[in-house]
Amino acid sequence: MSSYKNWTEHTAHVKATFAALGKDHPKMLQAFIALDQASAAEALDEKTRELISLAVAITTRCESCISVHAEAAAKAGATESEIAGALATAIAMNAGAAYTYALRAMEAVKAQS
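Note that the coordinates shown come from a computational prediction; the quantities given were computed from them, not determined experimentally.

### So, helix α5 (residues 80–111)
No. 1: Spanning 32 residues, α5 covers 46 Å between terminal C-alpha atoms, matching the ideal 46 Å at 1.5 Å per step.
No. 2: Listed as buried for α5 are Ile 83, Ala 86 and Ala 90.
No. 3: The inward-facing, buried residues of α5 contact α3 (46–60) and α4 (63–75).

Written out as structure tokens, the structure is:
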């Protein structure tokens with residue numbers, strides 16, 4: 001499967017620019033790292049956290065998050081099947097959210113008719 005983006009280069013770029021931003025704004029980076037470490041201390045193992053992170057990256061449409069968490073999920077030992085399952089869940093959640101908001105849109109239309 002071909003890709004329009006070199007994900008390996010993109011991941012390296014994201015990490016480099018993240019580090020540069022952190023160097024210029026260390027308090028912000030420290031806070032982000034503390035939040036990440038706090039979430040890592042909870043009951044989920046690294047692979048599960050990365051699968052969830054990748055699914056959330058899909059739902060929030062964050063290409064940088066997709067790039068970084070795809071790499072991390074693979075490094076954490078997630079199989080292609082597990083990743084596909086997480087992505088299928090993200091797709092289903094987006095469909096459910098769209099359906100729910102479609103109901104709200106119909107309410108708005110009816111209220112203004």
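### Things to note about the pattern of salt bridges
No. 1: For the coordinates displayed, the defined rule picks out four salt bridges.
No. 2: As a salt-bridge pair, Glu 82 and Lys 47 come within 2.9 Å of each other at their nearest N and O atoms. In this pair, Glu 82 sits in helix α5 while Lys 47 sits in helix α3, placing the two residues 35 residues apart along the sequence.
No. 3: On the accessibility criterion, Glu 82 (29% relative accessible area) is partly exposed.

### Quick look at the layout of surface pockets
No. 1: Quantified by volume, the largest pocket comes out at close to 760 Å³.
No. 2: Every residue lining the largest pocket is counted, 23 residues in all, and those nearest its centre are Phe 32, Asp 36, Glu 50, Val 68 and His 69.
No. 3: Secondary-structure elements contributing two or more residues to the lining of the largest pocket are α1 (7–24), α2 (26–40), α3 and α4.
No. 4: Considering each element in turn, the lining of the largest pocket owes the most residues, eight residues, to α3.
No. 5: In terms of residue class, the lining of the largest pocket is made up of twelve nonpolar, five polar and six charged.

### Observations regarding the packing of α3 against α4
No. 1: At a closest axis distance of 9 Å, the pairing of α3 and α4 adopts a crossing angle of 160 degrees. In this view, α3 runs roughly antiparallel relative to α4, as classed from their interaxial angle. Of the two possible hands of crossing, α3 and α4 adopt the one that is left-handed. Judged by residue contacts, Glu 50, Ser 53, Leu 54, Ala 57 and Ile 58 of α3 engage Cys 65, Ile 66, His 69, Ala 70, Ala 72 and Ala 73 from α4.
No. 2: Taken together, the residues of the contact of α3 with α4 break down into eight nonpolar, two polar and one charged.

### Some remarks on the side chain of Ser 67
No. 1: Along the chain, the position of Ser 67 falls in helix α4.
No. 2: Ignoring anything within four residues of it in the chain, the contact list for Ser 67 reads Trp 7, His 10 and Thr 11.

### Some words on the packing of aromatic side chains
No. 1: For the coordinates displayed, the defined rule picks out one aromatic pair.
No. 2: Seen in terms of ring centroids, Phe 18 and Phe 32 are 5.2 Å apart; in terms of plane orientation they differ by 65 degrees. Their pairing is edge-to-face. In this pair, Phe 18 sits in helix α1 while Phe 32 sits in helix α2, placing the two residues 14 residues apart along the sequence.
No. 3: Phe 18 gets classed as partly exposed once you look at its relative accessible area, which sits at 38%.

### Some words on the UniProt feature "domain: Carboxymuconolactone decarboxylase-like" (unreviewed entry) in the protein
No. 1: Following the UniProt record, the feature "domain: Carboxymuconolactone decarboxylase-like" (unreviewed entry) maps to residues 26–107 here.
No. 2: Between the end C-alpha atoms of residues 26–107 there is a gap of 47 Å, over a span that is 87% helix and 0% strand.

### Points about the side chain of Arg 49
No. 1: In this structure, Arg 49 sits in helix α3.
No. 2: What Arg 49 contacts, discounting residues up to four positions off in sequence, is Asp 36, Ser 39, Ala 40 and Leu 44.

Rules and cut-offs
- Residues numbered from 1 in each chain as written.
- Predicted model: local features only at pLDDT ≥ 70, side-chain atom pairs only at ≥ 80, totals over all residues.
- Heavy atoms only, no water.
- Helix = DSSP H or I, 4+ residues; strand = E, 2+ residues; numbered from the N terminus.
- Expected span 1.5 Å × (residues − 1).
- Buried < 20%, exposed > 50% of the residue type's maximum accessible area, 1.4 Å probe, protein only.
- Contact = heavy atoms within 4.5 Å.
- Salt bridge = Lys/Arg side-chain N within 4 Å of Asp/Glu carboxyl O.
- 1 Å grid on protein atoms, 1.4 Å probe; cavity = no way out; pocket = protein on both sides within 12 Å on 5 of 7 lines; lining within 4 Å.
- Points joined across faces, edges and corners; volume = space filled by probe spheres on them.
- Nonpolar A, V, L, I, M, F, W, Y, C, P; charged D, E, K, R; others polar.
- Axes fitted to C-alpha atoms, helices over the stretch in contact; angles between N-to-C directions.
- Parallel < 35°, antiparallel > 145°, perpendicular 65-115°, else oblique.
- Left-handed = near helix turned anticlockwise from the far one by under 90°.
- Phe/Tyr/Trp six-rings, centres within 6.5 Å; stacked < 30°, edge-to-face > 60°.
- UniProt positions renumbered as here; feature names shortened; annotations may be inferred.

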